[in-house]
Structures are given as structure tokens and as C-alpha cells.
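# Descriptive structure summary
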Amino acid sequence: MKILFCGTAQFALPTLGHIIENKWELLGVVTQPDRRRGRGRKIASPPVKEFLSGHTVPVYQPATPQELIEIIDKYDIKPDLIVVVAYGMLLPSEVLDLPPLGCINLHPSLLPRYRGAAPIQRAIMNGEQVSGITSMYLSEEMDAGDIILQEEAEIPEDATAGDMASVLAERGAVLIDQTLTMIQQGTAPRHPQDHSRATCAPPLRREEEQIDWSHDAAKIYNQIRGMNPKPGAYTVIKGRILKLWRSQVIADKISGFLPGEVVEINPKTGFSVQTGRGRIFLTEVQPAGRARMSAAAYLRGNKISQGLRLG
């Protein structure tokens, strides 16, 4: 079974590794072009391309769907199956129709819930306790194709989006391997999605990153978890942005403080902030232009007083 793999992000690496290790016939890998990244805006390769350094697998980096069609024609690539994981670009219909066994995708949610670009982040931000992974046949409509296999995964109360992405990527690699075996044997099921139950997980917007301290502590806690490791939730303190990476919910009430005001300061562990209901105790933060640090380290270099208003 000849496979063409399309993937870009870190999430795709375990699946790509399984395909290589399990000796599936990999015709090539399609990934996004090199782009400027990071604080220095230097040209950098996507994680999938870096992962393949030292391998002999051909790597193609089309900038548009039309370029992908041209690459397939130019190099006469004839896959039996296309596997897509965290690629970041929709495949045109000409490519979807190319392989006789179809195109499959690994999606980090229990479809039809959380269709879209940010299923892990959105699930955590919504306070979900269970997520999962789905292998599915691709269709022209985003994340709407027939389901092959699914597997549930618990979301621990303190898990960040990064934590869950690592778990689901590893478990997804095994699920795709099982899916490939079933497709090769002709036993892969096709379960149409119930579109009436579909929910959306669109990309995170810049305005969603800022903390609204009038929300309750649980909602803010989930926002911080869901945006870790990127893009990062933030507040404003003394006119400067402060990213918030890790926190705890404190449910008890202390009267006399408005949402956004610093309530308690512990030089050894961090500081708490009043919300619309309950408090958030900040344990890991990042001042503008600095690295991530413990809230205790931040307190040693910044004067924070009770009653200081954030936001």
C-alpha cells in the first residue's frame, strides 16, 4: 500500500514515525513551506521537515493547493492512500479523488464535536472532561467525512492544551496504524457523521487571549490551560502585558476586592487575583520580553501590592 503523507505540525510526528517504522511504503511527505518564526523572525522549517532530516523520504513544500497538484503531476506520484495529520491546508478535490483507497485524516476530537482548527484548545477552554481522537475519510467539507475509528481520552483537571496534544498525538499514531491495517485488509468501516450534532472549533482569535477578570475563576483557569503553550492567555499589569501559564482555582470568598485586584501575595509560591466568582492563584507567568518563570520569581523582581488592579 503506497502512502503519501501530508503533515506540518508537531502533532503529526508520532504518526509519521509509525508509518516509517512499520515499513509502510512511503512515497513522499508534503508539508508547509519554510517560514519566518520566533522572536528573531528567522526562516525555519516546519517540524515535519526537521523530523525527516537524515531520511531519504522525498519532501515537498507547496505553498498553495494548485502547487500541490502540480507537484503530484510533475513527479508522477501515484499513492494508493493519502494520510493527512495536522497539515494546515485543505486538499483540493483533484487530490482527494486521486488515491483509489481514499484520503484519511487524524483529528484530535470525538467527531462530529469540535470540527475545526483548534479542537484541543476549545475542549479545554469549555471545561470538557473527555476528548479523543478520530480517524476519518476526508471529504471536501472540513472534518465532515465518514468516521473509521475513534478512541476516548480523559482530560485531567490540570492538563494544558500542550499536555493533551502530546497524549492524543501518541495515541493517534497507534489509531492510524490500526486504520491503515484495516484499509489494507478491506475491513475498514465507514460511519457517516451525525451533522446535527456537529460543533465548531475555529482558530483562536487575538481578542480571546486577554483575561476578563469578571468571569468566574473556573472559566479563567480553563482559558489559561487551553492557551498553554500557545498563544498564551494574558493580562495587563502596570501597563505591560503579563502572560499567564499556570494557575489554581481558589473557591473561598474574600470580601472587599473587585475582579482583577490582587488579593493575596505569597513570596514563595505566587499571588491570587479576584475574579467574578472565586480567585485565581497564579503560579507561572511571563513578563513581556522575558522567559517564562515561576510567579515567585516574578514577585522577586516586581513590586506587587494587595489591591493592585490587573487588566
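Before any of the text, the structure's been laid out above.
## Quick word on the sheet that holds strand S5 (residues 59–60)
If you trace the seven strands from one edge of the open sheet to the other, you get S5-S2-S1-S6-S7-S8-S9, paired in mixed fashion. At either end of the open sheet lies a strand with only one pairing partner, and these are S5 and strand S9 (147–154). Inspection of the sheet shows strand S7 (residues 103–107) paired to strand S8 (residues 130–137) by four bridges, in the antiparallel sense. Bridged to Leu106 within S8 is Ser135. Sheet strands in contact with helix H1 (residues 13–21) are strand S1 (2–7), strand S2 (25–30), strand S6 (81–85) and S7, and its direction is about 150° off that of S2.

## Things to note about the packing of aromatic side chains
The tally for this structure, following the rule as stated, stands at two aromatic pairs. Judged by centre distance (5.2 Å) and plane angle (45°), the ring pair of Tyr60 and Tyr75 falls under tilted. A residue pair is termed long-range when its members are at least 10 positions apart, and Tyr60 in strand S5 and Tyr75 in the loop between helix H3 (65–74) and S6 qualify at 15 residues. The class for Tyr60 is buried, based on a relative accessible area of 12%. When its relative accessible area of 44% is taken as the criterion, Tyr75 is described as partly exposed. The ring centre of Tyr137 lies 3.9 Å from the NZ or CZ of Arg190, which sits over that ring. One cation-aromatic arrangement involves Arg292 over Trp245; the distance from NZ or CZ to the ring centre is 4.2 Å.

## Quick word on the pattern of salt bridges
Inspection of the entire model under this criterion finds 14 salt bridges. The residue Glu151 makes a salt bridge to Arg171 at a minimum N-O spacing of 2.6 Å. Of the two residues, Glu151 is situated in strand S9 and Arg171 in helix H6 (residues 161–185); the sequence distance between them amounts to 20 residues. Given a relative accessible area of 30%, Arg171 falls into the partly exposed group. Arg246 serves as the salt-bridge partner of Glu284, at 3.6 Å between the closest nitrogen and oxygen. Taken as a pair, Glu284 in strand S14 (residues 279–287) and Arg246 in strand S11 (residues 240–250) lie far apart in primary sequence, 38 residues in all. Note on Glu284: relative accessible area 18%, which makes it buried. Each of Arg122, Arg205, Glu207 and Glu208 takes part in a single network of salt bridges with overlapping partners.

## Let's talk about the state of the cysteines
Taken as a whole, this structure holds zero disulfides when the rule is applied. Cys6 takes part in no disulfide bond, and the closest cysteine sulfur to it belongs to Cys103, at a distance of 7.8 Å.

## Topic: the side chain of Glu208
Positionally, Glu208 belongs in the loop between H6 and helix H7 (217–226). With a relative accessible area of 17%, Glu208 lands in the buried category. Polar side-chain contacts of Glu208 include one of 2.8 Å to the backbone nitrogen of Arg205. What Glu208 contacts, discounting residues up to four positions off in sequence, is Arg122, Pro203, Gln223 and Met227.

## Notes on H6
Helix length check: H6 (25 residues) gives 35 Å between terminal C-alpha atoms against 36 Å at 1.5 Å per residue, within 8%. At the C-terminal side of H6, Gly186 shows a positive phi close to 75°.

Calculation rules
Residues numbered from 1 in each chain as written. Predicted model: local features only at pLDDT ≥ 70, side-chain atom pairs only at ≥ 80, totals over all residues. Heavy atoms only, no water. Pairing = 2+ DSSP bridges. Helix = DSSP H or I, 4+ residues; strand = E, 2+ residues; numbered from the N terminus. Contact = heavy atoms within 4.5 Å. Axes fitted to C-alpha atoms, helices over the stretch in contact; angles between N-to-C directions. Phe/Tyr/Trp six-rings, centres within 6.5 Å; stacked < 30°, edge-to-face > 60°. Buried < 20%, exposed > 50% of the residue type's maximum accessible area, 1.4 Å probe, protein only. Lys NZ or Arg CZ within 6 Å of the ring centre and 35° of its normal. Salt bridge = Lys/Arg side-chain N within 4 Å of Asp/Glu carboxyl O. Disulfide = S-S within 2.5 Å. Polar contact = N/O pair within 3.5 Å; in protein donor to acceptor, adjacent residues only side chain to side chain. Expected span 1.5 Å × (residues − 1).

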